[in-house]
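Fold and contact review
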Amino acid sequence: MLEDFRLIVDLVSILAAAAAGGIIAGLARQPPLLGYIVGGMIVGPAGLGLIKELIQVETLAQFGAAFLLFALGVEFSFSELKKVQKISLGGGGLQILLTILVTTLISVSVGWVTTPQQGVFLGAILSLSSTAVVLKSLMESNETATSHGQVMLGILVVQDLALGFMLAVLPALDRPVEEIGVAVAQAAIKIGLFAICATLTGIWIVPRLLRLVASTESRELFLLGIVTLCLGIALITQKLGLSIEMGAFVAGLMISEVEYADQTLAYVEPIRDVFAALFFAAIGMLIDPLFLWNNLDLILGLVSIVFIGKFIIITPLVRLFGYPLQTALIAGLGLAQIGEFSFVLASEGRSLGLVSRRVYLLLLGTTAVTLVITPFILRLIPSLFNWIETIPALNRWFQPGEPPLEVSEHVPLEPPIVICGYGRTGQNLATLLAEQNIPVVVVDQSESAIQKLRDGGIPYIYGNAVSIPVLTRAGLDRARAMVIALPDAMSTRLCLKHALEISPDLAIVVRANQYQDIELLYQLGGSEVVQPEFEASLEMASHLLVKIGLPTIQIQRQVKAVRNSHYMELRPDAIGEMSQNIQAATLGMNRRWYRLLLTSPLLGNSIASASIRPLTGATIVAIQRENGTQINYPNGGTTFQIGDSCLVIGSVEEQAMFEQLTKGEIAIPVLPIPVVDSAID
């Protein structure tokens, strides 16, 4: 009884430590799993030594790995993989094989491991990247639907799928070299037979079982049923000589295509999160902080090797599959870490004796550090390309000049409306315009979106909407108007800027994914900037006010006033936000402050009368007055004064043109004075 109570105390202690660590990590904007690991380190045997029943806790922690992989299987979507199937299957598969090959050669040659089998195991660990960290970072920056986002997620899906095979083959690696081939073949056959049985079970048995349980309309019974299914199949795979984790993943796959998949995920996620915290905390208990400190230089060296090595492998592969250099670099930087599921492999390999305790601890420390730095790297990528833009020798390699990959046969001859982005917004717009017999041309670089356009007979340009050749091929020089509904802020800004370079007077309606971008998009030349969340609020308010009897004209007048004010009424702290976010809003864009000389011809002129954008192509996003007042997003009527400093965004050439304009090296055109009829009626 005392031992049972001791286990309860240990579980409470480790969960409390994991919760505290997760909260601190969350406040520091880091993945919670890092907090779980640190919490386990603190209360574990190498830390404060609060945990006594280590074996029992580790046994329970196995449920964490099982539920993690079960949820991953439920979330797995073959349709998502199909969107980028070439780079996913081809690039992802090659990345795993190359990582294993390079790691095996290096680790054996320098003596990190004693056998090639151990090198293969080490390569398998290093080949996996962090789905959780990368996906979270992409979601925070709203970049999951971008080209680089789709590439990274596609490769991650293949890595997660390969994890099941790795876990199945892993036990065969501890056999003699001459038996490895036979053992791997047996493992592959065993996996194949199990996959066939699992597929048949998923088609004929699982859907009927879930419908039967769901018919009881009992949340408890449904949850009990899916947990039993998950752990039951996990036990079967364990008996077959495979792994519990692989069985849990397959159980999730069985449910992924059933109509109850979302409901299953919603029910399982709380259990998964609790046991996952226990799993990562148990991993932390195995880490010796003193060992990490004594080997800090070695771990940092390993982190550098992992980061540089994976970047060198992934970047050329993405480029090889036809993606732009910028996309390849972002994918290479974003996937250059070791994933959280590598902990699962490392734990399994340690129990099989494939690595020594020293190498195992080095792996744990290296993995934790790479997970910590990944969010920082992804946030710094816009600044990296901003810096590249200032170096002409490098910038020419990153110019968005890729030609269209494909142009539909029936591009309209009459002036079209160009729609950039064929997500939900783009699809709805194309449908509404088609009902009015208004010709459209859609620009998108997603294969799945282009296939929908092909099937619907809608004219399209298959290419990057940021690319000037692509926009030119879409007919911007003769277009009636343009709509930009791209998924990420950076592409939206660049698309708007390049569109106005082609057709300066074009009416462009832009979707602002984040309300912080509204003023900047107006400043860059957008005719109208639409923010979906604010528009939804306006529409709901309009319907509500009509229902309670307010005059329609009064409602329309109020809605129009809100739109004309750029939604200021819906963000009362907008002035403060603009002041705080001016630097963040222009992050990733080439920006520079210019102080106007006393002899500058701009003094006394307004932004409009000086023809800043027509003459230079640059945009002024802020003016700092001599008295310390800062005008963010000045309008065309803002007049330049003595002592002003201007924050200007634009390319290197545009910045140079603006500097010449401030010095009088470019003449400001004299606008004709309008003739005013002074006759009195």
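Above this text sits the structure in question.
Described below are features of the structure shown in this document. (Residues numbered from 1 in each chain as written. Predicted model: local features only at pLDDT ≥ 70, side-chain atom pairs only at ≥ 80, totals over all residues. Heavy atoms only, no water.)

The helix and strand tally for the chain stands at 29 helices and eleven strands. Of all intrachain contacts in the chain linking residues separated by at least 6 positions in sequence, the fraction that spans at least 24 positions is 72%. Carbon and sulfur atoms provide 64% of the accessible area of the chain, an area that totals close to 32,700 Å². (Helix = DSSP H or I, 4+ residues; strand = E, 2+ residues; numbered from the N terminus. Contact = heavy atoms within 4.5 Å. Areas by Shrake-Rupley, 256 points an atom, 1.4 Å probe, with all protein chains shown as cover.)

To continue, consider the sheet that holds strand β1 (residues 406-407). With mixed pairing, the seven strands of this open sheet are ordered in space as β1-β4-β3-β2-β5-β6-β7. Because the sheet does not close on itself, it has two edges, and the strands there are β1 and β7 (528-530). Here β1 runs beside strand β4 (residues 460-462); their pairing, made up of two bridges, is antiparallel. Pairing of Val 407 across the sheet is with Ile 461, part of β4. Across the sheet, helix α23 (residues 489-502) touches β2 (417-420), β5 (481-484) and β6 (508-511), and the angle it forms with β6 is around 175 degrees. (Pairing = 2+ DSSP bridges. Axes fitted to C-alpha atoms, helices over the stretch in contact; angles between N-to-C directions.)

Across three bridges, the pairing between β5 and β6 is parallel. Counted as the bridge partner of Val 483 is Val 509 from β6. The β-α-β motif built from β5, the intervening α23 and the parallel element β6 has right-handed crossover chirality. Note that β6 and β7 share three bridges and pair parallel. In the sheet register, Val 510 faces β7, and the bridge partner there is Val 529. Since β6 and β7 lie parallel, the crossover through helix α24 (residues 518-523) that links them has a hand, and here it is right-handed. (Right-handed = clockwise from strand over helix to strand, strands pointing away.)

A few words on a nonpolar patch on the surface. On the surface, Leu 94, Leu 98, Leu 101, Val 102, Leu 105, Ile 106, Val 110, Trp 112 and Ile 305 cluster together to form a nonpolar patch covering roughly 780 Å² of accessible area. Ranked by residue count, the leading element in the nonpolar patch is helix α5 (residues 85-110), at seven residues. Structurally, Trp 112 can be placed in the loop between α5 and α6 (116-127). Owing to a relative accessible area of 40%, Trp 112 belongs among the partly exposed residues under this scheme. (Patch = residues over 30% accessible without salt bridge, like charges linked within 9 Å, V, L, I, M, F, W, Y side chains within 5 Å. Salt bridge = Lys/Arg side-chain N within 4 Å of Asp/Glu carboxyl O. Buried < 20%, exposed > 50% of the residue type's maximum accessible area, 1.4 Å probe, protein only.)

A few words on the pattern of salt bridges. Applying the stated criterion to the full structure yields ten salt bridges. When the shortest N-O distance is used, the salt bridge between Glu 406 and Arg 454 registers 2.8 Å. Here Arg 454 lies in helix α21 (residues 447-456) and Glu 406 lies in strand β1, a separation of 48 residues in the sequence. Relative accessible area serves as the criterion here: at 27%, Glu 406 is assigned to the partly exposed category. According to the relative accessible area criterion, Arg 454 is partly exposed, its value standing at 29%. Linking Glu 659 and Arg 592 is a salt bridge whose minimum nitrogen-to-oxygen distance equals 3.8 Å. A residue pair is termed long-range when its members are at least 10 positions apart, and Glu 659 in helix α29 (residues 652-662) and Arg 592 in strand β8 (residues 591-595) qualify at 67 residues. Through salt bridges with shared partners, one network takes in Lys 497, Glu 501 and Glu 654.

Here the focus is the packing of aromatic side chains. For the structure shown, the criterion picks out six aromatic pairs. Between Phe 222 and Tyr 267 the ring centres are 5.4 Å apart and the planes differ by 85 degrees, which places this aromatic pair in the edge-to-face class. With Phe 222 in helix α11 (residues 219-239) and Tyr 267 in helix α13 (residues 261-285), the pair connects residues that are 45 residues apart, well separated along the chain. Neither residue differs from the other here; Phe 222 and Tyr 267 are each classed as buried. (Phe/Tyr/Trp six-rings, centres within 6.5 Å; stacked < 30°, edge-to-face > 60°.)

A few words now on the side chain of Ser 408. In this fold, Ser 408 is placed in the loop between β1 and β2. Since its relative accessible area comes to 7%, Ser 408 is described here as buried. Within polar-contact distance, the side chain of Ser 408 engages the backbone nitrogen of Tyr 460 at 2.9 Å. In this view, Ser 408 contacts Pro 459 and Tyr 460; residues no more than four positions away in its chain are not counted. (Polar contact = N/O pair within 3.5 Å; in protein donor to acceptor, adjacent residues only side chain to side chain.)

Turning to the pairing of strand β9 (residues 619-624), a few remarks are in order. Judged by how many residues are buried, β9 sits mostly within the fold: five of six residues are covered. Pairing of β9 with strand β11 (residues 645-649), which is carried by five bridges, proceeds in the antiparallel orientation. By the bridge assignment, Ile 620 is partnered in β11 with Val 648. Direction of pairing for β9 relative to strand β10 (residues 630-632): antiparallel, over a ladder of three bridges. Considered in β10, the bridge of Ala 622 is made with Asn 632. Between β9 and the antiparallel strand that follows it, β10, lie five residues; Gly 628 among them carries a positive phi value of about 95 degrees.

Pairing in this open sheet of four strands is antiparallel, and the strands run β8-β11-β9-β10 from one edge to the other. Bordering the open sheet on either side are β8 and β10, each of which pairs with just one other strand. Averaged over all neighbouring strand pairs, the angle between strand axes comes to 25 degrees, with direction disregarded. Bridge analysis of β8 against β11 gives five bridges, and the strand direction is antiparallel. From the neighbouring strand, Arg 592 faces β11, where its bridge partner is Val 648.

A few words on the state of the cysteines. Counted according to the given criterion, the structure contains zero disulfides. Just so you know, Cys 420 is unpaired, no disulfide at all, and the nearest cysteine sulfur is the one on Cys 495, 3.8 Å from it. (Disulfide = S-S within 2.5 Å.)

On to unusual backbone geometry. One non-glycine residue, Ser 611, lies in the positive phi region at around 55 degrees. Residue position: Ser 611 is located in the loop between β8 and α28 (612-616). When its relative accessible area of 12% is taken as the criterion, Ser 611 is described as buried. Phi is positive for Tyr 633, close to 55 degrees, though the residue is something other than glycine. Here Tyr 633 is to be found in the loop between β10 and β11.

The N-to-C vectors of α6 and helix α17 (residues 342-352) enclose an angle of 160 degrees; their axes lie 8 Å apart at closest approach. Taken together, the axes of α6 and α17 lie roughly antiparallel to each other. Relative to α17, α6 is oriented so that their crossing is left-handed. Along the contact surface, α6 presents Phe 121, Ala 124 and Ile 125, while α17 presents Ser 342, Leu 345, Ala 346 and Gly 349. (Parallel < 35°, antiparallel > 145°, perpendicular 65-115°, else oblique. Left-handed = near helix turned anticlockwise from the far one by under 90°.)

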